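The primary structure of each chain is shown beneath.
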Amino acid sequence: MDFSSFLTSLGTSFLIFVVLMLLFAWLSRKPGNSVIYYPNRILKGMDPWEGGKRTRNPFAWIREAITSSRMTLFPCLALILLSLGILILSGIVLLLVLLPVAATDNNLKLSANSSTSNGTFNDLDKLSMGNVKANSERLWAFLIATYWVSFVTYYLSWKAYKHVSGLRAAALKSPDVKVEQFAVLVRDIPAVPEGKTRKEQVDSYFKGIYPDTFYRSMVVTDIKQVTKIWVKLEGYKKKLARAEAIYEQSKTTGSPEGKRPMNKTGFLGLVGKKVDSIEYYNEKINELIPKLEAEQKVTLREKQQASALVFFTSRVTAAAAGQSLHDQMVDSWTVIDAPEPRQIIWKNLLIKFYSREIRQYVVYIIVALTILFYMIPIGLISAVTTLKNLVKYLSFLKPIVEIVAIKTVLEAYLPQLALIIFLALLPKLLLYLSKAEGIPSQSHAVRAASGKYFYFTILNVFIGVTVGATLFDTFKTIEEDQPKEIVSILAKSLPSNATFFLTFVALKFFVGYGLELSRIVPLIIFHLKRKYLCKTETEVKEAWAPGDLGYVSRVPGDLLIITIVLCYSVIAPIILPFGVLYFGLGWLILRNQATSSIGEVKLVSCSVSFSIDALKVYVPSYESNGRMWPHIHVRLIGALLLYQVTMLGYFGVKEFRYTPFVIVLLILSLIFIFVCQKKFYRSFQSVPLEVASHELKESPNMEHIFRAYIPPSLSCEKDEEQFEDALSQVSRTTSSV
């Protein structure tokens, strides 16, 4: 990539961002679009626009985001703030000191085999560490800078950990009653003793340990079949509502009698007998209701499993039970804090202890193989999608590529776009694999998938792109002339690969955040669905439902950027302003998407959001009270370790005799991780008893708490009598259920 292509990439990315920002300012003021730009405020019955002023300044959102006194702190926003602080403090020193030191040396002119590979622009390489001669005294400046970045990261990440820990404690001390704070999840219950039911076994066990505060238990059942019937019933109810809406609409657009909708009963409604939709759906609903009720009774009485939810009248007791060892054998009576009812993955509660352990290792192997096999196509993408190689291997493209405008655009965007699209395919697979481990809650599965995606992006995007592109360009040299110089060649390629990551980061923050702010894709999809597909109010709401922040890909994406910028911060300091822009824009846009001046601050979330009641866009799907932060923190320090290893290798290539000083930083980073884990992690893993002991503003309604955990497929109009009847009349058994 030459210098003009680099400027074209930056210029067009910035232009796209400006256009998308203007579109947001214009479209967000249209009343018909408010459900896309302010959905959560509408769901809470609030006015979409601050102060009800729809005709306000189109850029007022920037002022509101900056000046909002009530700040929402999602984990990804906390990561953005931390990363922004690290890069700003590091950049002040590195840009002022290292750029002059590098620019005033002349290693690139003296060496024919410089760190700059063919196809890159020398002007920016002159500002990198590659322009400093081997074993030069100037390398002291880069060594000191390496220490500076490391200590800035230690200091700010420690402060951030303390801050987030305080926010978590404040949320858990809340005087509001939260149902999950009065329950624990029990798995791996032993075989039922002779003469007892499963429920009696669980009740007697926990009554004996917690006689004063035990309330009752709910035995987990296999709800696969009943859920299948319930889902089918709910589907027919939606279809009936849709058919009735179409029928009512036909009365206004056609004859007063209207036209009754018809449908075919075969596969996907495309084949089979044609019937009256309203009558057909009513028949199906009437058929399924008694089937559902019968299956609910069978499920509650005959499909009980070796798991249960146990409820206590005190949240201190529940917190103590959730972090205590209840049996001398770890594979029996396993007790953990109960997730929120909406978080529970019910099918995973049936999985036994050793099965979970085996599943976990199998998933790890599958993920490792996925990373290895993805390394091949990503390496090929990074190598083949360079313009030079496209022309070389696809010669028929040469006439098109030689057009100056097309050539400039392709050089600026092609490899980065190919990589971003390729990565978009992975998060759902990793989330599926995480759930397959037997994880009991949605937030835990998201944390696990997020971690897998982070390791994938580091190994395949950062390391894969660097190694793949370098090996592809220098393969013949390695094979024919210097097979023993592969490490040296890879290390020397680091400054030249910075140009790829500069444009990658620029594309992510200008185009990525521009699309997030404008929400142009959800807007188009919503209007198409509303015009051609939606017939009922429920369907319209489903069409504009925004969902949550998508932690599986968002957090690893931000961690990838901070990893790239850290690793190149000393080698090519010019990348630091791009990192600051990425996290600065991310902070501004997420403040707009997820904060409001109305509402009382509290900790909520998808995974870990510290937020208030009135988010503008995102609707948290569950709350885990900051549990994701330790995972974010340890991966951030992992990124710092990778940066220090990179600098250790590059100082070695530069033949700097004081290179071993970097080893001290590696040791300090490992000590820092250890201390942080010991000091903070336990309070994130479990609820501290001192925190749980704070008084509530009202006595908990234990029956309400108990019923909050009844799965939707087991609830019906008669659920109170049916559920109690099933629990009290479970037949006694002499065998393990």
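Residues numbered from 1 in each chain as written. Predicted model: local features only at pLDDT ≥ 70, side-chain atom pairs only at ≥ 80, totals over all residues. Heavy atoms only, no water.

### Focus on the overall build of the protein chain
Move 1: Tallying secondary structure elements over the protein chain gives 29 helices and eight strands in all.
Move 2: Looking at the protein chain as a whole, 52% of its 737 residues qualify as buried.
Move 3: Long-range contacts, defined here as pairs at least 24 residues apart, represent 79% of the contacts in the protein chain between residues at least 6 apart. (Helix = DSSP H or I, 4+ residues; strand = E, 2+ residues; numbered from the N terminus. Buried < 20%, exposed > 50% of the residue type's maximum accessible area, 1.4 Å probe, protein only. Contact = heavy atoms within 4.5 Å.)

### Topic: helix α23 (residues 551-569)
Move 1: Taking 1.5 Å of rise per residue, the 19 residues of α23 would be expected to cover 27 Å, and the 26 Å separating its terminal C-alpha atoms lies within 8% of that figure.
Move 2: Here α23 lies mainly inside the structure; 18 of its 19 residues are buried. (Expected span 1.5 Å × (residues − 1).)

### Regarding the confidence of the model for the protein chain
Move 1: Per-residue pLDDT for the protein chain averages 81, and the proportion of residues at 70 or more is 78%.
Move 2: The least confident element of the protein chain is strand β7 (residues 601-603), whose mean pLDDT is 34; the most confident is strand β1 (residues 183-187), at 96.
Move 3: Under a pLDDT of 50 for its full length, residues 112-121 has, in the predicted model, 24 contacts with residues more than four places off or in other chains.
Move 4: Predicted confidence for residues 728-737 stays below pLDDT 50, and this span has 26 contacts to residues more than four positions away or in other chains. (pLDDT = per-residue confidence, 0-100.)

### A short note on the side chain of Ser 157
Move 1: Relative to the assigned elements, Ser 157 resides in helix α8 (residues 139-172).
Move 2: A distance of 3.2 Å separates a polar side-chain atom of Ser 157 from the backbone oxygen of Tyr 154.
Move 3: Contacts of Ser 157, omitting those with residues within four sequence positions, involve Leu 82, His 633, Leu 636, Ile 637 and Phe 672. (Polar contact = N/O pair within 3.5 Å; in protein donor to acceptor, adjacent residues only side chain to side chain.)

### Section: the sheet that holds strand β6 (residues 334-337)
Move 1: Strand order in the open sheet made by the four strands is β2-β5-β1-β6, with antiparallel pairing throughout. The open sheet is flanked by β2 (214-221) and β6, the only strands paired with a single partner. Averaged over all neighbouring strand pairs, the angle between strand axes comes to 25°, with direction disregarded.
Move 2: With four bridges joining them, β1 and strand β5 (residues 304-312) adopt antiparallel strand pairing. Each residue of the ladder has a partner; that of Val 184, found in β5, is Val 310. (Pairing = 2+ DSSP bridges. Axes fitted to C-alpha atoms, helices over the stretch in contact; angles between N-to-C directions.)

### Structural notes on the packing of α8 against helix α25 (residues 629-653)
Relative placement of two packed helices is described by the angle separating their axes and the distance separating the axes.
Move 1: Direction vectors running N to C along α8 and α25 enclose 175°, while the axes themselves pass 11 Å from each other. Accordingly, the angle class assigned to the pair α8 and α25 is roughly antiparallel.
Move 2: Classifying every residue of the contact of α8 with α25 by side-chain character gives 17 nonpolar, six polar and no charged. (Parallel < 35°, antiparallel > 145°, perpendicular 65-115°, else oblique. Nonpolar A, V, L, I, M, F, W, Y, C, P; charged D, E, K, R; others polar.)

### Observations regarding the environment of Gln 593
Move 1: By the secondary structure assignment, Gln 593 is in helix α24 (residues 575-594).
Move 2: Judged by its relative accessible area of 1%, Gln 593 is buried.
Move 3: Taking the C-alpha atoms as reference points, Gln 593 and Tyr 38, 555 residues apart in sequence, are found 8.4 Å from one another.
Move 4: Excluding anything up to four places from it in sequence, Gln 593 contacts Glu 516, Leu 517, Arg 519, Lys 616, Val 617 and Tyr 618.

### A look at a positive patch on the surface
Move 1: A cluster of basic residues, Lys 224, Lys 228, Lys 232, Lys 291, Lys 347 and Arg 359, forms a positive patch at the surface.
Move 2: With three residues, helix α10 (residues 224-253) is the largest single contributor of residues to the positive patch.
Move 3: Tracing the chain through its elements places Lys 224 in helix α10.
Move 4: Residue Lys 224 is classed as exposed on the basis of its relative accessible area of 63%. (Patch = residues over 30% accessible without salt bridge, like charges linked within 9 Å, V, L, I, M, F, W, Y side chains within 5 Å. Areas by Shrake-Rupley, 256 points an atom, 1.4 Å probe, with all protein chains shown as cover. Salt bridge = Lys/Arg side-chain N within 4 Å of Asp/Glu carboxyl O. Lys, Arg positive; Asp, Glu negative; His and termini not counted. Charge placed at Lys NZ, Arg CZ, Asp CG, Glu CD.)

### Some remarks on the nonpolar core
Move 1: In terms of nonpolar packing, the biggest core is built from 126 residues, with Met 129, Phe 142, Phe 509, Val 570, Trp 629 and Phe 651 touching the most fellow members.
Move 2: Among the elements that take part in this core, helix α5 (residues 75-103) stands out by supplying 13 residues, more than any other.
Move 3: The residue makeup of this core includes at least three contributed by each of domain 1 (3-176 + 459-598 + 610-693) and domain 3 (353-437).
Move 4: In terms of nonpolar packing, the next biggest core, distinct from the first, is built from 34 residues, Leu 185, Ala 243, Tyr 247 and Ile 344 among them. (Core = buried A, V, L, I, M, F, W, Y, C linked by side-chain atoms within 4.5 Å. Domains from an automatic or database assignment.)

### Points about the environment of Ala 445
Move 1: As for its placement among the helices and strands, Ala 445 is situated in helix α18 (residues 442-481).
Move 2: You can call Ala 445 buried: its relative accessible area is 0%.
Move 3: Spatially, the C-alpha atom of Ala 445 lies 8.9 Å from that of Leu 433, the residues being twelve residues apart in sequence.
Move 4: In contact with Ala 445, other than residues within four places in its own chain, are Ile 345, Leu 431, Ser 434, Lys 435 and Ile 439.

### Looking at the packing of α5 against α23
Move 1: Packing of α5 against α23 brings their axes to within 11 Å, and their N-to-C directions diverge by 10°. The pairing of α5 with α23 is recorded here as roughly parallel in orientation. Between α5 and α23, the residues in contact are Pro 75, Cys 76, Leu 79, Ile 80, Ser 83, Ile 86, Leu 87 and Leu 94 and Tyr 551, Arg 554, Val 555, Asp 558, Leu 559, Ile 562, Val 565, Leu 566 and Ser 569, respectively.

### Here's the deal with α10
Move 1: Across its 30 residues, α10 extends 43 Å between first and last C-alpha, which sits within 8% of the 44 Å expected from 1.5 Å per residue.
Move 2: Val 226, Ile 229, Leu 233, Tyr 236, Leu 240, Ala 243, Tyr 247 and Ser 250 are the residues of α10 that are buried.
Move 3: Contacts from the buried residues of α10 go to α11 (277-302).

### Remarks on the side chain of Asn 131
Move 1: For Asn 131, the position within the fold is in the loop between α7 (122-125) and α8.
Move 2: Reaching out from Asn 131, the side chain makes a polar contact with the backbone oxygen of Ala 102 at a distance of 2.8 Å.

### Things to note about the pairing of β1
Move 1: Counting buried positions along β1 yields five of five residues, so the element is predominantly enclosed.
Move 2: Side chains Ala 183, Leu 185 and Arg 187 project from β1 onto one buried face, and the interleaved Val 184 and Val 186 project onto a second face that is buried too.
Move 3: Two elements, β1 and β6, share four bridges in a ladder whose sense is antiparallel. The partner of Val 184 across the bridge, within β6, is Asp 337.

### Here's the deal with the pattern of salt bridges
Move 1: Scanning the model with the defined rule gives 16 salt bridges in all.
Move 2: The closest approach of N and O atoms between Lys 303 and Glu 295, which form a salt bridge, is 2.8 Å.
Move 3: Among the ionic pairs, Glu 340 bridges to Arg 342, the shortest N-O distance being 3.3 Å.
Move 4: You can call Arg 342 exposed: its relative accessible area is 51%.
Move 5: When salt bridges that share partners are traced, they join Arg 216, Glu 703 and Arg 707 into one network.

### Notes on a nonpolar patch on the surface
Move 1: Residues Ile 88, Leu 89, Ile 92, Leu 96, Val 97 and Trp 148 make up a contiguous nonpolar surface patch of roughly 540 Å² in combined accessible area.
Move 2: No other element matches α5, which puts five residues into the nonpolar patch.
Move 3: Examined against the element boundaries, Leu 96 turns out to sit in helix α5.
Move 4: Given a relative accessible area of 65%, Leu 96 falls into the exposed group.

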